[in-house]
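A closer look at the structure
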Amino acid sequence: MAQETDRRTMRVLQNLRKQGLTQMLVCEPLSIWYLTGYFTEPYERFLALCLRMDADGRVRTTLFANRLFPDASGRADDVVTFDDTDDPVPLVAARTNHAAPLGVDKGLVARWLLPLMDVGAASGFVLASEAVDRARSIKSPDEQDLMRAASSVNDQAMDWLRAQVHEGVTERAIAEGLLGEYRRLGAEDHSFTPIVSFGANAADPHHEPDDTVLHRDDMVLFDVGCRRDWYCSDMTRTFFTAQPTARQLEVYDTVRRANEAAEAIVRPGVTFAEIDLTARRIIEDAGYGPYFTHRLGHQIGLTAHEPGDVSSTHDEPMQVGQCFSIEPGIYIPGEIGVRIEDLLIVTEDGCEVMNHYPKEPTVIEA
């Protein structure tokens, strides 16, 4: 782990140099784990990792941790500990270069940022989350294996979800039972609150499971994900519980074609905006454009949604090792909602779709 975290730290520093920065304060707990192998949830207390490159090229890492936290010894070049009654601001300011700007990440709250500015801990403060986000965006071979394993759990859990569908069951009952199945399959937790939607509820893309009861003829949408060995999965499938109508089949087929067409063009050099346009055009040509109300996808890794979306405004080309979702949907309020989502990894000559659960129209005998 130490060699890998060193490589990750160097990538972050390289990204910082592109922003004209030689030092940064990282406060997001998962980013600190990514760079050190150390994790704790600080809640209201201060936790930060300072990355600094001196003029002679020497790199120094300093981890600031409350003594209440788990022992952080050996996780950085220096570990600075303090008590609840100590002010961490002067401790940080004593280890930053006051003559140079300091990059900070989105996890640094105003409670600490403003005092650091007041004491002149740096010549200026720059939002530098992108330096870490870009490093996390490119998954190493080991990380890709972990992503595959998490997606495999999700594929297996979908069979369990299907088996819970019967007349009279509630959305909440299925959602609340899923964690036990995930743990049986080797995952630790959800990667986000599961979405279980019956009938017209599926027309709300972020519907929260409630006491809605399944009735025969309802369509059923599952958007679920787990966390396994730190890494997240995310997948959506939509099912029928009776022979679908012609309109339901048309909507479903349109979404599936959009999903598969977008996946087919993924390769290094293609922009994220091009993928979004490919799926969106199919839905628009079918007459459902106004009902596709969100971006096509999002990057994923240590969290379910990571920076670098798959949208019409993201003009950057894809790179080998990036992992993201392809999830077109059509949502007709009060009537029908369909979404089909896979995760994929960008490869040297295309992509690997990590989800293998079937996407053909499927009727569950409810």
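Residues numbered from 1 in each chain as written. Predicted model: local features only at pLDDT ≥ 70, side-chain atom pairs only at ≥ 80, totals over all residues. Heavy atoms only, no water.

Going by what an unreviewed UniProt entry lists, the chain is known as Metallopeptidase family M24 and is assigned to Olsenella profusa F0195.

**Brief notes about the overall build of the chain**
Secondary structure assignment for the chain yields 9 helices and 19 strands. Taking 366 residues into account, the globule formula puts the C-alpha radius of gyration at 21 Å, and the chain, at 23 Å, falls close to it. Overall, the chain is about 70 × 40 × 35 Å in size when its C-alpha atoms are taken along their principal axes. The burial tally for the chain puts 54% of its 366 residues in the buried class. For the chain, the proportion of contacts with a sequence separation of at least 24, taken over those separated by at least 6, is 66%. Where the 35 positive side-chain charges of the chain centre and where its 59 negative ones centre are 4 Å apart. (Helix = DSSP H or I, 4+ residues; strand = E, 2+ residues; numbered from the N terminus. Rg over C-alpha atoms; globule rule 2.2 N^0.38 Å. Buried < 20%, exposed > 50% of the residue type's maximum accessible area, 1.4 Å probe, protein only. Contact = heavy atoms within 4.5 Å. Lys, Arg positive; Asp, Glu negative; His and termini not counted. Charge placed at Lys NZ, Arg CZ, Asp CG, Glu CD.)

**Quick word on the packing of aromatic side chains**
Taken as a whole and assessed by the stated rule, the structure comprises 9 aromatic pairs. Relative to Phe82, the ring of Phe46 has its centre 6.4 Å away and its plane inclined at 50 degrees; by these criteria the two rings are tilted. Of this pair, Phe46 sits in the loop between helix 2 (29-36) and strand 2 (47-53) while Phe82 is found in strand 4 (residues 78-82), placing the two residues 36 residues apart along the sequence. On the accessibility criterion, Phe82 (2% relative accessible area) is buried. For the pair Phe272 and Phe324, a centre-to-centre distance of 5.3 Å together with 70 degrees between the ring planes defines the contact as edge-to-face. (Phe/Tyr/Trp six-rings, centres within 6.5 Å; stacked < 30°, edge-to-face > 60°.)

**A closer look at the domain arrangement of the chain**
Where the parts come together, the accessible area they lose is often given as the size of the interface. According to the domain assignment, the chain consists of domain 1 (1-136) and domain 2 (138-363). Put simply, the middle of domain 1 and the middle of domain 2, counted by C-alpha atoms, are 35 Å apart. Taken together, the contacts link 11 residues of domain 1 with 11 residues of domain 2. Both sides together, the interface formed by domain 1 and domain 2 hides about 1,000 Å², and carbon and sulfur atoms give 52% of it. (Domains from an automatic or database assignment. Buried area = accessible area lost by both parts, 1.4 Å probe.)

**Concerning the environment of Ala202**
Inspection of the secondary structure puts Ala202 in the loop between strand 8 (195-198) and strand 9 (219-224). You can call Ala202 buried: its relative accessible area is 2%. Filtering out sequence-adjacent residues up to four positions away, Ala202 remains in contact with Ser197, Leu221, Tyr331 and Gly337.

**Focus on the packing of helix 2 against helix 5 (residues 129-137)**
Helix 5 packs onto helix 2 with a crossing angle of 60 degrees between their chain directions and a minimal axis gap of 11 Å. Here helix 5 runs oblique to helix 2, going by the angle between their axes. You can see that helix 2 and helix 5 cross each other, and the crossing is left-handed. Mapping the contact onto sequence places Leu30, Ser31 and Tyr34 in helix 2 and Val132, Ala135 and Arg136 in helix 5. Here the residues of the contact of helix 2 with helix 5 sort into 4 nonpolar, 1 polar and 1 charged. (Axes fitted to C-alpha atoms, helices over the stretch in contact; angles between N-to-C directions. Parallel < 35°, antiparallel > 145°, perpendicular 65-115°, else oblique. Left-handed = near helix turned anticlockwise from the far one by under 90°. Nonpolar A, V, L, I, M, F, W, Y, C, P; charged D, E, K, R; others polar.)

**Focus: the pairing of strand 14 (residues 306-310)**
Note that strand 13 (residues 297-299) and strand 14 share 2 bridges and pair antiparallel. For Gly297, the partnering residue across the bridge sits in strand 14 and is Val310. (Pairing = 2+ DSSP bridges.)

**Digging into the packing of helix 1 (residues 2-18) against helix 5**
Contact pair helix 1 / helix 5: the axes reach a minimum separation of 8 Å and the direction vectors enclose 135 degrees. Considering the angle they form, helix 1 stands oblique to helix 5. Relative to helix 5, helix 1 is oriented so that their crossing is right-handed. Counting all contacts with helix 1, which are made through Arg11, Val12, Asn15 and Leu16, the residues of helix 5 involved are Ala131, Val132, Arg134 and Ala135.

**As for the sheet that holds strand 1 (residues 23-26)**
With mixed pairing, the 6 strands of this open sheet are ordered in space as 4-3-2-1-5-6. The open sheet has two edge strands with one neighbour each: strand 4 and strand 6 (125-127). Going from strand to strand, the sheet's axes swing by 20 degrees on average, the running direction of each strand aside. Sheet topology note: the strand 1/strand 2 ladder contains 4 bridges and is antiparallel. When the bridges of strand 2 are listed, Val26 appears paired with Leu49. Docked against the sheet, helix 2 engages strand 1, strand 2 and strand 3 (59-66), running at close to 50 degrees with respect to strand 2. Strands strand 1, strand 5 (102-104) and strand 6 of the sheet are contacted by helix 5, whose axis makes an angle of about 75 degrees with strand 1.

**With respect to the UniProt feature "domain: Peptidase M24" (unreviewed entry) in the chain**
Within this structure's numbering, the places UniProt gives as "domain: Peptidase M24" (unreviewed entry) are residues 146-348. Counting secondary structure, residues 146-348 comes out at 32% helix and 24% strand; the distance between its end C-alpha atoms is 19 Å. (UniProt positions renumbered as here; feature names shortened; annotations may be inferred.)

**Some remarks on the pairing of strand 8**
The side chains of a regular strand alternate between both faces of the sheet. Alternating positions in strand 8 separate into two faces, Ile195 and Ser197 on one and Val196 and Phe198 on the other, with burial throughout. With 4 bridges connecting them, strand 8 and strand 9 associate as antiparallel partners. Note on strand 9: the bridge partner recorded for Ser197 is Leu221.

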